[in-house]
Amino acid sequence: MPTPTASPASSSDEAGAMTEAVTAHPSSEPASSPAAMNNEDEVTSHHPHDGDVAMDVANNNDSSASPIQPNYSFNEINTGDDAQMTPCEDESAVNPMEDSTSAMKNSESSSAPEQSAISAPTPPKQDGNMEDSDEMVLDDRMEEGILATDEEMKSAKERDAPPSAEQRRRDDNNIDDTLDKLQHSISVAILAFRKDEQCDDNLAKGAGSTKNDDDDGSAYVKLREAAIEAYQTLVEYGASLDLSLDMMSPLNKRRREKLEKIGRDLWKIIRTNPDLFNDVISDVTTTNFDIGASSSLEQKRQRAIAGGYIRTIAVRLIFLEYIDTRCSKGCPPTIHDGRDDNKAHSPSPKELVFGLKVLSKGGRAILQHGKNARDSHDTLSLAISCFNVLSRMTQSNGEAANELKDVLLDEAFDVYSALPNAAALFEEEPHVDMAMKDDDASTQAHCSGVNWPTIVLQHLEAAKSFIDEHCNDVLNNESKSPLKYAALQRFLPQLARLCFKHGHHFAELGMNDHAMTAFNIDLTATDSCLCYIETEKGRTHQKKNETQMLHNLEADIVVLSIESLYVLSAVLQSSGSKEDALGCLDQVETYMNKKHERDVELHGNTMSDLGSGNDFIFSEDPIGPAKDKADIKNRSQIALAKSRRIHSREKAILASRKVQLFNDNPSKDDEQCIDDQLRSMVELVSKKAESTLVDTSGYKDETQKLALQAIRIVYVRRKMTSMTNGGSEALGRDPYRLMFDKLAKSHQLRPFVVLDKLNATVNVAYEVRHKKLEPEYHSIDQEAILLAEEYLSSFKRDNKVTSDTTLFVDAKNSMKMELLKEAGDVFTRAVSHYYSWEAYEMCAKWANMLKDIHETSNASREHGENPVLAAVLSVLGYSLSMSGNHAEGMKMAREAWKNHKGVNNLATLFHCAAKHKHADALLEFDNALNELSTSEHDDILEHFPRFSNSCVVNEADGGGELLLGVQERWLNLQLRSKKLSESLEKKQACETPSCHSVLDLLCAYLENFEHVTSSQKDKQKAESMCEYLGHIIDGVLRLLQVCRDRKEDRLTGKRRKKNASNESDSSEDLDLIWNDSATQTLLGSRSQCLWCAEALWNIGQQLVAASVVDDVTYDSRALAADLFAASHDFVVMSEEEEGTRLGKLDYDVKYEPEKYVVPSFNGTSTIAVSDTSSEFSAQCLLLSAAVTVDYLGSAGHDSSSAKSLLRRTLHRLAQSQKEFELNNKKKSHVSKVIALLTMRCIIELEEDSFSFQTFNDGLCATLLKLHTNEAATSDEKFDILKQVKIMSDSALRRRMTHTDRILTKLCSDMLQKSSVSMVGGISLGDLQQKLIKTSSSVEEVIGVFNEVENVMKKEGTSYSPEDFGWFTTEAHNRAVQLSTVGDDARAKICSTFALNFIEFSTKEVRCHKNLIVSGFTNSVQKLSPLDFTKSL
C-alpha cells in the first residue's frame, strides 16, 4: 500500500501565507525575507530584471561597502517569456515552501560508504557570550572523555577571537571573488543548457542541429567547481565567528543586505531554471551504456551537485542573520531559536519550512551525488536544525503548529535518515587507522578529530526520538491518518534498515559496542513496528488491501529482525557473551515458528473458505479471487510446500548457527547440545529427501550443505582435541555417524557424505601439520588414505560413468559427474597440501588417485591435449621421482608432457630425467625445447631458474656438466630474443623483465665453465662446451655493440688519454652506458662487465695450459685466443660512454677482415684505436695474437681458415701496439714481442711480396734496432737474431725468395752490429755467401764483398780460411765473367777483392795466386786511363 501524503498547497497560497508571516514578524524586514522575495518574484514574473543585483548596485552610494558587482547581467539570462516556471521543478511549482519529497523518497537507499572514521563532539550552542566558548567546548569534550590540552585551548581562543580589520577586508574580498565566479559560471551553464535543449528539440523534429561547443560538459564541471569553492569560502567566512550577531559580527548592515540580496538572486535563478538544477537522475538513463548516455548522465550529476551547493549557499545567505555559522568538521552550524539569545534573530515558521525543504534537497544532492562528508552533514544538520526550531515553536506559536504538517514530518524524516549516511562518510578520512578495535575508539577519535561512529549513533538515536515524539500518538489511536501509515510503512522499517546497515558495518570493523547500540535501536524499531502491525490487524474494520499490506509488511519486518539477530549474535559471541548470543538465536527461532504458524493458518483458512467462495490472502504468494476451486487448492498446496521448504531451510540455518556458537570452546553440556542440533539437521535432510511436493531434481540442496558444513567443523574440532590431548577421546561421538545411520548405503546422498568426511579428514591432516603434532602425522595420513581408497573403490563399483548418447542428459549420470568434480576438488587440495609439506610419498598416492578420477571423468571425451590431467601427471611424476621411484616418475613425466606441452611439465620432465638418467637429461630437455614453438621461448626464460635449481639439487657437487648445459641453453635463448636487443637499443625495459640480467647469467656460466673444464677429459664434450662458449661470448658482444652504437640526443664528447694519470679518472662523472636503468636491468652492471673480462682471461689461461699437456685430447688454443680478445672487448666496453662509440672492439672485425692491417713500424699507422683502452686491454690482444701464432704453428690446419686467423692476428697486433702507445707503455719487450709476432704472421701467410714490403716498411729496421739494444743490455744478446734466422729458413722452405734474402741480410747486419762472426751455428760468412749466391745484380755482390772487407778490418773479428777461400774464388770467378762480357771496371774491382782475400785463404786457394794476379793485371790493362781512374 503506498504511503499516504498530504496534497501540496498551490504556489499562490504558499506565497500569500509567507507574506503574512513575514509582515507579522517584528524582527524581519521585507527586503531580507524569503516571503518578500517570493512576492517580488510573483509581481515581476514577466519582468525578472526588476530584481536584478545591478539595480541594487546602482542605488548604493557607499563605495567603501559596495555590493558584489558581477561581470554580467541577469537580464541576459531571464528574458521575456523564456523564464516561465516549469512544473518539473518542485520549488517553481510550490513556491519556496514546496519540496521534492516524492522524487527524493528513496534517497536513503543510495549506497553509503562502508568505511569508518572517529569524530569530535557536537559543538556547544553559542548564546552570544564569546567568553564562555572555551569553557563550554571543554565541558563537552570532558563528557566525551577527551580532555583539552593547553595548546587546544589556546588555539580555540585564537580561533574565537574577533578577526582584525585587515583580516575582515581580505575575507570580504575573497568571498566577493568566489561569488562573482559562481554567478559567472551560472550564466555560462544556463546558456550551455539552453543550447543543449535547442539541439535536442531540433533532433526531435528531425531537423539538423549545430554541435554545442560545450559537448563535454565543461560548463557544468566549472559550475560545480565554482559552487563548491563558493560554499567552502562562505563556510570559512563564518566558521570562527557567528555572523548573525549584530554586536560581534564583522558585517555591517549594508554588507549584510548585499549578501542577502545575492542569496535571493541565486534563489530566483534556481526557480527560473528548474531543469538546469534538477537533482533527480532517472534510473532509466543509468541503464544505457552508450557513450552519449554516459556523457549525459555525467552532466546531470555535475548539475545536481552544483544545484545542491547553490541551494545551500542561497539559503545560508538569506538566513545570514539566523544561523550560528561557527562550525568545524563534525560540528555543524545551527539555527537560532531566540530563546536564550535576545541579540540574535530567529526566523519565522514559514521561513523555517522554506529552509528545511531547500536545505534538505541540497544536502541530499550533495550526499547522493557528491559524496562529500562535511558539506552534506553540515547542510542536512542545518536543515534538521530548522525543523527542531520549528518544532519547539509549536508549543507557543500557533502558526508554527499549523506549518508542522504530515508532509513536513515526512521531509524531516528524510533528513534524519540521510544524516547517518552523511556522518559515515567521515570514515573515508585518510588519517584514520581502521585497524583499531572498539577498545581504541577514544584514541582513534582523538587522533582523527571526527568520532564518526558516535555521530552516526547520535543521528540514529535522533531518528528514533523523532518517531517517538511525532508518531507515537497516531500509532496508538485507531485513526487512519497518513502519518500512521507513513510511520508503519516507511519511518520504522527505514530506521530499522538504516540501523542494520550501520550496525553490520560496525561489526565488520570490530566496533562491537557501537554495533550493539545500533542493533538495539534496530530491534526496538522492529519490535515496535510488529506490535503496531499486530494491533492494526486486530481491528475488524480493515479493508482487503490494508490487510494484505500489513501481512506483507509484517513478513518483511520479521525477515529484517531475523537478519539483525543473527548479526547481533555473532557480535555478542565475539565479545564473549555466549548466553546473550544464544538468546538472540532463541528469539530468531520464535520469529520463525510464528511465521510458519501464520502460513499454516492461512493455508487452513484458505482451504476452509473454498466451500464458501470467499477470497483469501497468503503471505508469500497473494492469490486473487478464486474462480476455480481445484486451481485454488493446488496453488494453496504449492504455497504451503514452499513455506515448509523455506521453514526447513531457516531451521537448518538456525541450527548451523547454534552449532557454531556451541562449538566455540564447548563444555559437556554444549557437546550434547551440538549433537542435538546436528541430529535435527540430519532429520531435516532426510525429510527433504522424502518430500514429494518439493522439487527433487537437485540432489544436494542448501539444507544438506549446511548440515555437512556443521558436521565438518564439529568433526575437525573433536578430532584435533583428541590428538592434542595425546589421543584421549574427545567429548561426543563421530558426527558423521548421525548422517550414515540415517542414510541407507544405496542412498544417492551417501557418497556426498563420505566425500565430505574425506574432506574433513584432509582438514585435520592440515591442522595437525600446522600445529606440528608430529606423532599424529602417520595415523591421520593413513586414515585419510584408507578413506579415499574406500571411496574410489565403491564409486568405481557402483557408479560407472557413461557418455550421454541420447538427446536428454541422464540425471543419475549427471550426479555422478558432479561427484567426480567434487572428489577432484578434495583430492586436488590433498595433493596441494602434501606437496607443500614435501611429503612426497603421500603426495604420490593422492596424485595417483586423482589421476584415476580425471581419467574416469574424461573417459567419454575425445583424445587430445588435457592440461588438467597433464598437471596431475606432472605432480605425480615429480613426487615419485623425489620419493626414489625414478623410473616410474620419468614415465609419468613423459605422459604429462605428451598430454600437454607446457613449461611446468617441461620442468618436471627435466627434473625426473636428471634424477633417472643423469646423462640423458639434456637430451630430453633439447627434444622438448624443439617441440615448443618459437613464440614460447620468451615465456620459458622465466622458468630457467627452476631448471638450474634442479641441477644443483641433483648433482653431487652442487653443479657440473648438467648445470653448465642448462646455463648454455638459458643464455642462448636469451641472446636470441629480439625483444632484448630492441629494448637495449631503445633503452626501455621490458614490461616483464627477467629476474636475471645477461651478465648475471654470464658470470655464473663462466664460473661453472672454469670449474667443469678443469677436469674434463672427453674430447667430444670438451669441444662441444668450447663451441657453446664461443657462441655465447659472441652473442653478448653483439649486445654490447648495440649499447655502444645506439644514438643519443646529446653527445658527451670523446675523452682522449693524454697520459697515464687519466687511467685513474673516476667514471662517476661520465655518462656511461651502464648508468642507464634499462641497461642495468637487462644487460647488467659495469662491475659485472669487468668481472667477465677477468673470468675470460682466466679461462683462456686455463685452456692454454691444458693444450700443452701430453694427454690433451682437444687443442683449444684457438678458443683461448678469442677469449683473450673478448676480454679486451669487455674491458673497453666497461668505460663506454653513451652515444660516443669510443670503444673499438676486436669483435667489430672478427667476421669481416677486408684488408691487411699490420702494426706500424714507421710511424704511419691508420688503425682506429679505443679511447677507453688500458694496458690490460692491450695485453689481452697481445696474448691473443701470441696464442694464435702458437696454435697455427702446429700442423693440420686448413689454409683458408689459417690465413683468416693470421689476418685477425695482425689486426690484433696493430690494435695492441696502438693501445700501448696510447697508454704510454712503449716498452722494449712489448715492441720486441709485437715485431717478432708480426714477422711470424707474415711468414705464415706465405705471401712473398706482402712480406717483403712489410719488412722494408720498417720491420727490419725495428728488429735491427731491438737487436742492437738487446745486445747492449741483455744477457740473451742474440735471441732476435735466432728468431730472424728461423724465419729466414722458413721463408726459404716456402719459396719466399725475396723474404728469405731480406731476412738473411738482416741476420748479416745483426752479426755485423754485434761485431761477431758466429752465433749459435749462425756464421756471418755463411750468411754473406748466401747473399752472394742469391744476388740478382753485380752491385749486390760488390756490396757483400765490401761488407766482408770491412769486417776484415775490424779487430777481433775474422772469417775462417775456408770462408776467405770461398770469397776469393767467388771474387775471381766474378771478375773473369765480367771481363768476358766487357765490364772491365767491375772485373778489376772483383779481382781486387780476390787479391785482398787470398792472403787469408786456405793453401789450396793460395796456390792460385798467380792466376788471380794475372787476371787482375789483364783487367787493369784493358781499362783506359779514365776507366782506371774511375775504378780506383
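Residues numbered from 1 in each chain as written. Predicted model: local features only at pLDDT ≥ 70, side-chain atom pairs only at ≥ 80, totals over all residues. Heavy atoms only, no water.

Q: Teacher, can you tell me more about the overall build of the protein chain here?
A: Of the regular secondary structure elements, the protein chain holds 55 helices and four strands. Taken across its 1432 residues, the protein chain has 52% of its residues classed as buried. Taking all contacts inside the protein chain whose residues are at least 6 apart in sequence as the whole, residues at least 24 apart take part in 74%. Carbon together with sulfur atoms contributes 49% to the accessible area of the protein chain, which is approximately 65400 Å² in total. (Helix = DSSP H or I, 4+ residues; strand = E, 2+ residues; numbered from the N terminus. Buried < 20%, exposed > 50% of the residue type's maximum accessible area, 1.4 Å probe, protein only. Contact = heavy atoms within 4.5 Å. Areas by Shrake-Rupley, 256 points an atom, 1.4 Å probe, with all protein chains shown as cover.)

Q: Explanation requested: helix α45 (residues 1228-1245) in the structure shown.
A: Each turn of an α-helix holds 3.6 residues, which means side chains three or four residues apart point in the same direction. The terminal C-alpha atoms of α45 lie 26 Å apart, and with 18 residues this matches the ideal 26 Å at 1.5 Å per residue to within 8%. Looking at the packing, one finds that the buried side of α45 touches α43 (1175-1192), α44 (1199-1222), α46 (1248-1273), α47 (1279-1293) and α48 (1297-1314). Positive backbone phi, at 60°, marks E1246, one or two positions downstream of α45. (Expected span 1.5 Å × (residues − 1).)

Q: Just checking my understanding: could you explain the packing of aromatic side chains for this structure?
A: One pair of aromatic rings is described through two measures. These are the centre distance and the angle between the planes. Overall, the coordinates contain 39 aromatic pairs when judged by the stated rule. Ring centres of W452 and F506 lie 5.5 Å apart, and the angle between their planes is 35°; on these two criteria the pair is classed as tilted. Of this pair, W452 sits in helix α17 (residues 452-476) while F506 is found in helix α18 (residues 482-508), placing the two residues 54 residues apart along the sequence. Overall, the relative accessible area of 0% leaves F506 in the buried class. With a centroid separation of 5.2 Å and an interplanar angle of 65°, the aromatic rings of F827 and W846 are classed as edge-to-face. Of this pair, F827 sits in helix α28 (residues 811-836) while W846 sits in helix α29 (residues 840-857); the two residues are 19 residues apart in sequence, bridging distant segments of the chain. (Phe/Tyr/Trp six-rings, centres within 6.5 Å; stacked < 30°, edge-to-face > 60°.)

Q: Please clarify how the side chain of Q1329 should be interpreted in this entry.
A: Summarising the element assignment, Q1329 is placed in helix α49 (residues 1324-1333). When its relative accessible area of 10% is taken as the criterion, Q1329 is described as buried. Polar side-chain contacts of Q1329 include one of 3.1 Å to the side chain of D1363. Among all residues touching Q1329, those that are not within four sequence positions of it are D1363, W1366 and F1367. (Polar contact = N/O pair within 3.5 Å; in protein donor to acceptor, adjacent residues only side chain to side chain.)

Q: Looking at this model, I keep getting lost on helix α36 (residues 961-975). Mind explaining?
A: With 15 residues, α36 extends 21 Å between its outermost C-alpha atoms, agreeing within 8% with the 21 Å of an ideal straight helix rising 1.5 Å per residue. With 13 of its 15 residues buried, α36 lies for the most part within the structure.

Q: I keep staring at the pattern of salt bridges and nothing clicks. Help me out?
A: Any two side chains of opposite charge can pair, given that their charged atoms come close. As enumerated under the stated definition, the model contains 61 salt bridges in all. Here E229 ties to K181 by a salt bridge, and the two come within 3.0 Å at their closest N and O atoms. Of the two residues, E229 sits in helix α8 (residues 218-239) while K181 sits in helix α7 (residues 165-205), which places them 48 residues apart along the sequence. Judged by relative accessible area, K181 falls into the partly exposed class, the value being 44%. In this structure, E536 and K484 form a salt bridge, with 3.1 Å as the shortest nitrogen-oxygen distance. Here the residue E536 occupies a position in helix α19 (residues 512-538), and K484 occupies one in helix α18, the gap between them amounting to 52 residues. The buried category is assigned to E536, whose relative accessible area is 6%. (Salt bridge = Lys/Arg side-chain N within 4 Å of Asp/Glu carboxyl O.)

Q: I tried to follow the side chain of S385 on my own but got confused; where do I start?
A: As for its position among the elements, S385 is in helix α13 (residues 373-393). What makes S385 buried here is its relative accessible area of 8%. At 2.9 Å, the side chain of S385 forms a polar contact with the backbone nitrogen of I335. When sequence neighbours within four positions are dropped, the list of residues in contact with S385 reads T334 and I335.

Q: Is there a simple way to think about unusual backbone geometry in this case?
A: Keep in mind that most residues, glycine aside, have a negative phi and that most peptide bonds are trans. Its identity is not glycine, yet E838 carries a phi of approximately 60°, on the positive side. Of note, R1141 is a non-glycine position whose phi angle comes to about 55°, a positive value.

Q: Just checking my understanding: could you explain the environment of D378 for this structure?
A: By the secondary structure assignment, D378 is in helix α13. The spatial distance from the C-alpha of D378 to the C-alpha of K329 is 8.6 Å, given a sequence separation of 49 residues.

Q: It is not clear to me how the nonpolar core should be interpreted in this structure. Could you clarify?
A: Taken as a class, soluble globular proteins show a tendency for nonpolar side chains to be buried jointly. Membership of the largest hydrophobic core comes to 204 residues, with the highest contact counts inside it found for L182, F827 and W846. Here L182 is in contact with L223, A226, A227, A230, L266, I310 and I313, once residues within four sequence places are set aside. (Core = buried A, V, L, I, M, F, W, Y, C linked by side-chain atoms within 4.5 Å.)

Q: Explain the packing of α48 against helix α50 (residues 1338-1353) here, please?
A: In a pair of packed helices, the angle between the axes and the distance between the axes together describe the arrangement. Two elements in contact, α48 and α50, have axes whose closest approach is 12 Å; the angle formed by their N-to-C orientations is 20°. Classified by the angle between their axes, α48 and α50 sit roughly parallel to one another. Classified by chirality, the crossing of α50 by α48 is left-handed. In this structure, α48 contributes R1301, K1305, S1308, D1309 and Q1312 to the contact, and α50 contributes E1340, E1347 and V1351. Split into classes, the residues belonging to the contact of α48 with α50 amount to one nonpolar, two polar and five charged. (Axes fitted to C-alpha atoms, helices over the stretch in contact; angles between N-to-C directions. Parallel < 35°, antiparallel > 145°, perpendicular 65-115°, else oblique. Left-handed = near helix turned anticlockwise from the far one by under 90°. Nonpolar A, V, L, I, M, F, W, Y, C, P; charged D, E, K, R; others polar.)

Q: Got a minute to help me understand the environment of P482 in this structure?
A: In this fold, P482 is placed in helix α18. According to the relative accessible area criterion, P482 is partly exposed, its value standing at 28%. In the structure, P482 is positioned 75 residues away from V407 in sequence and 9.2 Å away in space, judged by C-alpha atoms.

Q: Help me understand the packing of α47 against α48 in this model?
A: Axis separation between α47 and α48 bottoms out at 8 Å; the angle between their running directions is 160°. Overall, the two elements α47 and α48 adopt an arrangement that is roughly antiparallel. Seen along the crossing, α47 lies across α48 with a hand that is left-handed. Contact residues: α47 offers I1280, L1281, V1284, K1285, M1287, S1288, A1291 and L1292, while α48 offers T1299, D1300, L1303, T1304, L1306, C1307, M1310 and L1311. For the contact of α47 with α48, the per-class residue count stands at eleven nonpolar, three polar and two charged.

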